[in-house]
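Observations on chain architecture
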Amino acid sequence: MKLEDLIAYGADVDSGLARCMGNEALYLRLVETVKGDDGFAQLEEALRDGRLDDAFEAAHALKGVLSNLALAPLAKPVDVITELLRGRKVMDYAGLLAEIERELTRLRAL
Amino acid sequence: MLKSHEKFHSANGKRLILVVDDEYVDRELLRNVLQDDYELIFAENGEEALGTMRELNETLSLVLLDLMMPVLNGMDVLRKAKTDPTISHLPIIVITSDQDAEIESLTMGAIDFIPKPYPQAGVIRARVRRTIELAEDRQIISFTERDVITGLYNREYFYKYVEQYDRHHRDVEMDAMVIDINHFRLINERLGSVHADSILRRIGETLREMMQDAGGFVCRKEADTFMLYCPHGESYEALLDRASIALSEEESDDSRVWLRMGVYANVDKGLVVERRFDRAKMAADTVQGSFTRRIGLYDDKMHEQELYSEQLIADFPNAIKERQFQVYYQPKFDIGPEVPALASAEALVRWAHPELGMITPNDFIPLFENNGLIQKLDTYVWREATRQVGEWRERFGFTVPVSVNVSRIDMHDPHLVETVLEIIEESGIDPYELLLEITESAYTQDSEQIIEMVERFRSLGLRVEMDDFGTGYSSLNMISTLPIDALKLDMQFIRNAFSGRRDTRMLEIIIDIAEYLSVPVIAEGVETEDQLVALKEMGCDFVQGYYFSQPVPAEQFEAFLLERKKTIDVLPIDWRGGRGEGRRKERLPFSKERRSSVLFGSVTRALAADYFGIYYVNIEDDRFIGYKPSERRNDFDVERRGDDFFGLLRETMMSVIHPDDAPLLLSRFTKDNVLSKLGRDGSFDLTFRLVLDGSPTYVTMKATQMEDEADRSHIVVGISNVDEQVREGRERGKSMLVAGRDELTSVKNGQAFHIVEEELDGAICEGSAEPFAVAVCDVVGVPDDAPMAGGADDQRIKDGCAIVCVVFKHSPVFRVAANRFVVLLKGGDYDSRIALMERLVEDGESRKSNGGALIVGGLATYRPDDDAEVSSVFARARDAALEAGRTR
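A short tour of the structure in this document, coming up. (Residues numbered from 1 in each chain as written. Chains lettered and ligands numbered in written order. Predicted model: local features only at pLDDT ≥ 70, side-chain atom pairs only at ≥ 80, totals over all residues. Heavy atoms only, no water.)

Some words on the side chain of B:R820
All names here are of chain B. For the record, the criterion: In this description a helix means any DSSP run of H or I spanning at least four residues, a strand means any run of E spanning at least two, and both kinds are numbered starting from the N terminus. Per-residue accessibility, obtained with a 1.4 Å probe over protein chains only, is compared with the maximum for each type, and a residue is labelled buried under 20%, exposed over 50%, and partly exposed between these values. We call two residues contacting when some pair of their heavy atoms lies within 4.5 Å.
Inspection of the secondary structure assignment puts R820 in strand β30 (residues 820-825). On the basis of relative accessible area, R820 is assigned to the buried category, the value being 14%. The contact partners of R820, leaving out residues within four places of it in the chain, are V776, C777, D778, F814, R815, F874, R878 and L882.

Considering the pairing of strand β14 (residues 402-406) of chain B
Both faces of the sheet carry side chains from a regular strand, because those side chains alternate between them. Residue and element names in this part refer to chain B. For the record, the criterion: Pairing between two strands requires that DSSP report at least two bridges joining them.
With four of five residues buried, β14 lies mostly within the body of the structure. In this structure, strand β12 (residues 341-353) lies alongside β14, joined through two bridges in parallel fashion. Across the sheet, residue E346 finds its bridge partner in β14, namely S403. The pairing of β14 with strand β15 (residues 434-439) spans five bridges and is classified as parallel. Paired with V402 across the two strands is L434, which belongs to β15.

Considering the interface of chain A and chain B
This is how it is decided: Reported buried area values correspond to the accessible surface (1.4 Å probe) lost by two parts on association, with both partners' losses combined. The salt bridge criterion pairs a side-chain nitrogen of Lys or Arg with a carboxyl oxygen of Asp or Glu, the two atoms within 4 Å. Two N or O atoms form a polar contact when they lie within 3.5 Å of each other; inside protein one atom must be a possible hydrogen donor and the other a possible acceptor, and for residues adjacent in sequence the pair counts only when both atoms belong to side chains. Residues are sorted three ways: Asp, Glu, Lys and Arg are charged, Ala, Val, Leu, Ile, Met, Phe, Trp, Tyr, Cys and Pro are nonpolar, and all the rest, Gly among them, are polar.
Opposite the 20 residues of chain A that make contact, chain B presents 17 residues. Taking both partners together, chain A and chain B bury about 1,700 Å²; carbon and sulfur atoms supply 60% of that area. Three residues stand out in chain A for area buried against chain B, namely A:R19, A:M21 and A:N68, and they jointly supply 33% of the buried area on that side. If you look at where chain A meets chain B, you find one salt bridge. Between B:E28 and A:R29 there is a salt bridge, and its shortest N-O distance comes to 3.7 Å. At the junction of chain A and chain B, the tally comes to five residue pairs in polar contact (both at pLDDT 80 or more). Those elements giving two or more residues to the side of chain A that touches chain B turn out to be α3 (24-35) and α5 (52-69) of chain A. Grouping the amino acids of the side of chain A that touches chain B by side-chain chemistry returns eight nonpolar, six polar and six charged.

Quick notes on the nonpolar core
Selection criterion: For our purposes a nonpolar core is just a set of buried Ala, Val, Leu, Ile, Met, Phe, Trp, Tyr and Cys residues, chained together by side-chain atoms within 4.5 Å.
Ranked by size, the top nonpolar core spans 83 residues in total, and within it B:F325, B:Y329 and B:F368 carry the most contacts. With ten residues, helix α14 (residues 373-396) of chain B is the single largest residue contributor to this core. Grouped together as the second largest cluster of nonpolar side chains are 58 residues, A:Y9, A:L26, A:Y93 and B:F42 included.

Taken by themselves, the reported measurements are silent on function.
This is the structure we're talking about:
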């Protein structure tokens, strides 16, 4: 995975790199950890079981990480789902989850 | 999560920050941003975070807390932290992506927040840095303030600061240092407290700059003592030299005033901060009074000393209980009679220590004074001594009074008088049989309280002796206001006076002073017959020392008592009669009942300054006593006493006066003139030159009246060397003394004229004088003995001055007497001198309708053939002015 790949993916690489104080290796290493983050699975499971509190916590944590790394395509649906879950809104999250899954897969492919 | 906290203690001067966040990515980002400037420690959940905070509550500088965490979320951590007093002081910055939470957390005590996504690294670092700074300042400031004089930290702040510094610099070797000013009291006394404060400020400022450079810090501990804490260095000499620059030339010229320093290098950080500086102070004390060493280092020997002291303190309670302290008695002899007679004894304590053997008081008295144990010890001795006196009286039907030491610490006990009374009553002796020796050093602090206490003791029949007298100037001031029954000269004082180059002058002066006070003098430490004879000649009354006997146990002292009893049986003496230790012979030229406190205030202030001689003069019969405070080379002789002060002093002066100044002295230094000046202005002074050792030296003679209404019949006259000031002043042209200006009119004054006159005299002598004339202008209607300022004629004098200044606007005008201005005309004004004088007359004419002329003038022109000096030109001008005044 290279910076160019992330740019193509749609990440705001400038912001992400700035938070790493320009340290490209650190940035790439941290993005790499996102690919294997348990949080996505926890979010999905919690939603499937209807545990909205846990789902919110998982989404919130993901949101922080993704926004720090400026992975916009993935951060956007996570952001939306976090705000919905903050109000513990009971609804069908399948669409949002699918979008997250799709963007995550795209990221993992890099 | 890194578990080993210990290895993250800030060993290299970095502050320690706890980062609490459950997300690896977030932690890593913060680590990347902060690790260069800070030591970081991490926690992944709230519970762990609280544990770490409690464990490292003194070391942590900041907590970065993510609000959203498992187990115990950030908000709960915040709540718990702020209600736990052991960690509530730790500043916490919250990290959150929710704006609502920001506000809530701030109200709960978070100091700031960092949003998610993180702002730029610089923003994070700035917030962290600022938060730590604020927190540290607030923490320290909350319990302290600064020293008002120097603006430096005060002691409490400083100690806290040292503690905090150490927390963040565990592995840095540090030195604790104490700097103080030798004989600071002299500065205080000679130059006044305002000046003294400015010296403290200068030194404080210099030390602060130095410590800034060295990475250390400084505070003023108290009085003239500064404490410094900085990374270990070697160049203490250089450091002290640099600090000494703060003393001005004038101050450091006084060879008795300098900075000294104590160093405790590579401090043991296990010691509480105060103890470290105690050690530095101990080191400083080792160079006290040394002329050759300014820096003392805390070393192994001192460490042993410290351990020894600790043992003595630890053993003290048991020693009292087991009565290990023994009281010895050293006889004091009245040396007035042909055969010296036992007069009293001093009770002295010894410690028979079961392990350490006999310990001398020098080892434990100062120690016990420092920690207050002295009070217990003193009471023990008083009790034992009074019991002994009672026993002697019982057994022999006779005893002598015994003196006991009262430490300055005791003097602060409000119940002291009661305690002493109780002890006296217990023993059944009479109060007059107990003498209290109060050391000089006790008097120098809080003198009012001491005086009050001494008065109470004396009103109860006890007698009070001032012990260790003669070690400092301050005490001379003290005794003048102090009710005492005897002066006891410090042993060292006697030793110095008789050792090496024998110099007993100071001794004589003190004995003279005691004479004025009608107080007997007791000399301690007298060892030889030679000393005894000399002291007797000087007028010393009582002697104590090895010459007669060392301190001996009570049984041995009985031999002295019995010997004395034999004499008394033949020649009874009423011990209660008279003051002090015995009867007094009066040798005073003045009224014997007079114990002039004012006099001794003046005399002793003078003693501390650079006086050649001081005279106490009875202006009714001209009798006087003269003092010559210290040995100087090249002085004129100071008569010790005589009965024609003005005549004798004039004679003495005339024998060494600079010929040019002789007329000045003869005309001004007459009894009438001095007294009328004193009556008018309250003081008389005159500056002139004496030829001392071949070179002209400026001296000032000052006379002052006794402030005491009851004593208008005496004046004090002092003659001091002002040569340096005068010459410096002339060079700089700004000495108030010589080139000064007249207070009332702001034109130059008589001293200034004197200087100009002298320069011109020099030119005349060399034949290089330009043509000049002197105009003397007298203010009409103002007597020549009017006050220089503050009198009824002030306005008239000012108006007159204005006329003179307008007429002679290009020439220097001097006010040489209350009603007299002198103008020196040169150049253009010289050429038009006649016209100018006419203008002066015209001005007078124009005022005819308005009360007449304000100024009458006389002019005289320098005649190279006739005039050898300015004064003769001046005399002609003056005569002309007087003539003009008469014919007006």
